[in-house]
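So you can see what is in the structure, the chains are spelled out below.
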Amino acid sequence: MVDGTTTGSGNGDLPDGLTPAEAGMWQAFRNGTVYDLRTGDREVDDPHGGHPWGPERSVRARIVAWLLLDGPPALDGRVSSLKLQGVQITNVLDLAGGTIVPYLEMKGCRFEKEVLLPEARFTTVRLVDCSVPRLEGARVHTEGDLHFPRCRFHNGMRLTDAHIGTDLLLNQAVVFRDRRGKSIMADGLSVGQDLQAELLETHGELSLRGATVGVSLSLRGSRLSNTHGRRALNAPQLTVERTLYLTPAGIGNQFQSSGTPARGTRVQRFECVGGMRLDDGRFGDAIDLDSARFTMENDQEVSLRRVQTPELRFTGERPQRGLIVLNGMKVVNLVDKSTSWPAAGQFRVSGFTYENLIPIGAFPLHRRLAWLSDATPEYRPEPYEQLATILRNSGEDADAREVLLAKQRRRRETLPVAAKVWGYVQDWTVAYGYRPGRAAVWMAVLWAISAVAFSHADHPPLKQGEGPNWDSALFALDLLLPVIDLGQAGSWQLRGGWQWMAAVLILLGWILATTVAAGATRLLRRG
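Treat the numbers as computed from the prediction; the structure is a model and nothing was measured. (Residues numbered from 1 in each chain as written. Predicted model: local features only at pLDDT ≥ 70, side-chain atom pairs only at ≥ 80, totals over all residues. Heavy atoms only, no water.)

A. Structural view of the overall build of the protein. Across its full length, the protein carries 10 helices and 43 strands. Out of the 527 residues belonging to the protein, those deemed buried represent 49%. Here the contacts in the protein between residues at least 6 apart in sequence split such that 51% fall between residues at least 24 apart. Accessible surface computed for the protein: about 24400 Å², of which carbon and sulfur atoms make up 51%. (Helix = DSSP H or I, 4+ residues; strand = E, 2+ residues; numbered from the N terminus. Buried < 20%, exposed > 50% of the residue type's maximum accessible area, 1.4 Å probe, protein only. Contact = heavy atoms within 4.5 Å. Areas by Shrake-Rupley, 256 points an atom, 1.4 Å probe, with all protein chains shown as cover.)

Here it is, written out as structure tokens:
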């Protein structure tokens, strides 16, 4: 007995007590054909609309479960399957723990109450453009696809620890939050191939903690919103074998995932209203944030702590509030725009390592240095040294020296007053040795000044009748150049203040000559 029905003889005869709509569904199941109860009126047939559907379009959930779990045999030459269109399922559809062999597809259907699929096993399930109060699918298992395109879930859905054999499709689905503020609970989810959730709309936290996706995870054009909690996307320890797409999607192509929309196509960008957490994630190819928009409160953040991926494409829209955190992240290629990074104090890159910089559009060195300064409220040498190494490896030695000079200037602000003053002197005179040409200019200036000054100095010879003729320019040059002996400094005797001037000139000569030599060494080191 099932809700007032009795089974037939087991040979597929219609049970007693079925309504006309259920009898038609029973026969369609045995035929493997689509059972369509639509009226042809688009407004009336809209499963998400307010027009009521009467008993002529309604079937009991227990009859649906009966067909799927222990249905009649197919007619000769047919394959039994349940394909419903424009049908209303009354009461709770409970398939928990069951093994469902027939193919299941429902299009444009309404569920009066929740759908229970915990620990059920399916081949393939397709619910398209259906209205579902809630889906409970913890540990559900499918050998093939699990599709929910254009469906609406009014009280969330749960796919915790679910195993999907091939693809999970959520394109254009709308999922509202449950009583705990969650829209989709899919912690521990495993998807064999792609997880496509393009143009998805969520109102509550989308949780993918510890989930695994065998190929790519696409959230192109989706809008994730959680105005009642900290995060719209919570996915620490997420593993995606290929690429995570948080990029625009073309409007109009409902089911097929694609790359960059064709020119002239109306597009919708990915938008996240609330924080996003991808900490400790692993992504085999890239994280693509092209044109992504993040709308956050001041205490929310986009967190990619300790994420590992070959490429980060940070080319989205600049967030106005909130924090971008890349601490401990490791990438090979950093593809970015100067206009994508937030203002000073709104992002962190402590321990963020990258091997190549690939800027999109203009990203001059002064802006890159400002980016480093903005990202490190407290001075740390590693980000500067990393950037300098990358620039030097790409043959941009002059820019690398500018970065190291900026590092010294930033470090100077952390020093005591005396050391800070000495730092300013080094900067003004020789730019900490990173601009050797400036040291050479100072040497030339000192030589000219001292040559003129020494031309007025009293200079008796150390030994009468010996030594070269007096030449103030050569005498000054002999003092200024260390190691080299031009025969002037040791032949003449200075007295009083001229001796002090000579001593200062010798000291400055050593400092400047060392700076020039160090700068020349840096220029030649690359060879």
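B. Looking closely at the packing of helix α5 (residues 381-393) against helix α6 (residues 397-412). Interaxial distance between α5 and α6 falls to 7 Å at its minimum, and their mutual angle equals 170°. Between α5 and α6, the interaxial angle falls into the category roughly antiparallel. Between α5 and α6, the residues in contact are Pro 381, Tyr 384, Glu 385, Leu 387, Ala 388, Leu 391 and Arg 392 and Asp 397, Asp 399, Ala 400, Val 403, Leu 404, Ala 406, Lys 407 and Arg 410, respectively. Grouping the amino acids of the contact of α5 with α6 by side-chain chemistry returns nine nonpolar, no polar and six charged. (Axes fitted to C-alpha atoms, helices over the stretch in contact; angles between N-to-C directions. Parallel < 35°, antiparallel > 145°, perpendicular 65-115°, else oblique. Nonpolar A, V, L, I, M, F, W, Y, C, P; charged D, E, K, R; others polar.)

C. Local environment of unusual backbone geometry. Located in the positive-phi region is Asn 91, a residue other than glycine, with phi close to 70°. As for its position among the elements, Asn 91 is in the loop between β4 (88-90) and β5 (93-94). With relative accessibility at 36%, the residue Asn 91 sits in the partly exposed group. In this structure, Glu 119 takes a positive phi of about 60° despite not being glycine.

D. Main features of the nonpolar core. Judged by nonpolar contacts, the single largest core of 112 residues is most densely connected at Leu 82, Met 106, Leu 189, Leu 200 and Leu 312. Core analysis: the second largest hydrophobic core is formed by 14 residues, Ala 451, Phe 454, Leu 480 and Ala 502 among them. (Core = buried A, V, L, I, M, F, W, Y, C linked by side-chain atoms within 4.5 Å.)

E. Focus on a nonpolar patch on the surface. A cluster of nonpolar side chains, contributed by Val 417, Val 421, Trp 422 and Val 425, occupies part of the molecular surface with about 390 Å² of accessible area. As for its position among the elements, Val 425 is in helix α7 (residues 417-430). Of the residues examined, Val 425 reaches a relative accessible area of 33% and is grouped as partly exposed. (Patch = residues over 30% accessible without salt bridge, like charges linked within 9 Å, V, L, I, M, F, W, Y side chains within 5 Å. Salt bridge = Lys/Arg side-chain N within 4 Å of Asp/Glu carboxyl O.)

F. Examining the environment of Gln 196 more closely. Positionally, Gln 196 belongs in strand β22 (residues 195-196). Among the residues examined, Gln 196 registers a relative accessible area of 13% and is labelled buried. Measuring from C-alpha to C-alpha, the distance between Gln 196 and Tyr 245 comes to 9.7 Å, with 49 residues separating the pair along the chain.

G. Representation of helix α9 (residues 472-480) within the structure. With respect to burial, α9 is a largely interior element, seven of its nine residues being buried. Within α9, burial applies to Ser 472, Phe 475, Ala 476, Leu 477, Asp 478, Leu 479 and Leu 480.

H. Highlighting the packing of helix α4 (residues 365-375) against α6. Relative orientation of the contacting elements α4 and α6 amounts to 35°, with a least axis distance of 11 Å. Where α4 crosses over α6, the two elements pack in a sense that is right-handed. Residues Leu 365, Leu 369, Leu 372 and Ser 373 of α4 touch α6, and the partners they reach there are Asp 399, Glu 402, Val 403, Ala 406 and Arg 410. Class assignment of the residues belonging to the contact of α4 with α6 gives a composition of five nonpolar, one polar and three charged. (Left-handed = near helix turned anticlockwise from the far one by under 90°.)

I. Region of the structure containing α6. Taking 1.5 Å of rise per residue, 16 residues should cover 22 Å, and α6 covers 23 Å from first to last C-alpha, within 8% of that figure. Taken together, the buried positions of α6 are occupied by Asp 397, Ala 400, Arg 401, Val 403, Leu 404, Leu 405, Ala 406, Lys 407, Gln 408, Arg 410 and Arg 412. (Expected span 1.5 Å × (residues − 1).)

J. Broad picture of the sheet that holds strand β20 (residues 182-185). An order of β5-β8-β12-β16-β20-β24-β28-β34-β38-β40-β42 is seen for the 11 strands of this open sheet, with the pairing classed as parallel. Edge positions in the sheet fall to β5 and β42 (347-348), since each has one partner strand and no second. Where β20 and strand β24 (residues 205-207) come together, three bridges link them in parallel fashion. Bridged to Lys 182 within β24 is Glu 205. (Pairing = 2+ DSSP bridges.)

K. Representation of the packing of aromatic side chains. Enumeration over the complete set of coordinates arrives at nine aromatic pairs. Between Trp 341 and Trp 371, the aromatic rings sit 5.3 Å apart at their centres with planes inclined by 55°, giving tilted as the arrangement. Of this pair, Trp 341 sits in the loop between β41 (330-336) and β42 while Trp 371 is found in helix α4, placing the two residues 30 residues apart along the sequence. Among the residues examined, Trp 341 registers a relative accessible area of 0% and is labelled buried. With centroids separated by 6.5 Å and ring planes inclined at 25°, the aromatic side chains of Phe 347 and Trp 371 adopt a geometry described as stacked. With Phe 347 in strand β42 and Trp 371 in helix α4, this residue pair connects regions lying 24 residues apart in the sequence. Across the pair, exposure class does not vary: Phe 347 and Trp 371 are buried alike. (Phe/Tyr/Trp six-rings, centres within 6.5 Å; stacked < 30°, edge-to-face > 60°.)

L. The side chain of Glu 311, seen in detail. Take Glu 311: it is sitting in strand β39 (residues 308-314). Excluding its chain neighbours within four sequence positions, the residues that come into contact with Glu 311 are Asp 285, Ala 286, Ile 287, Asn 333 and Val 335.

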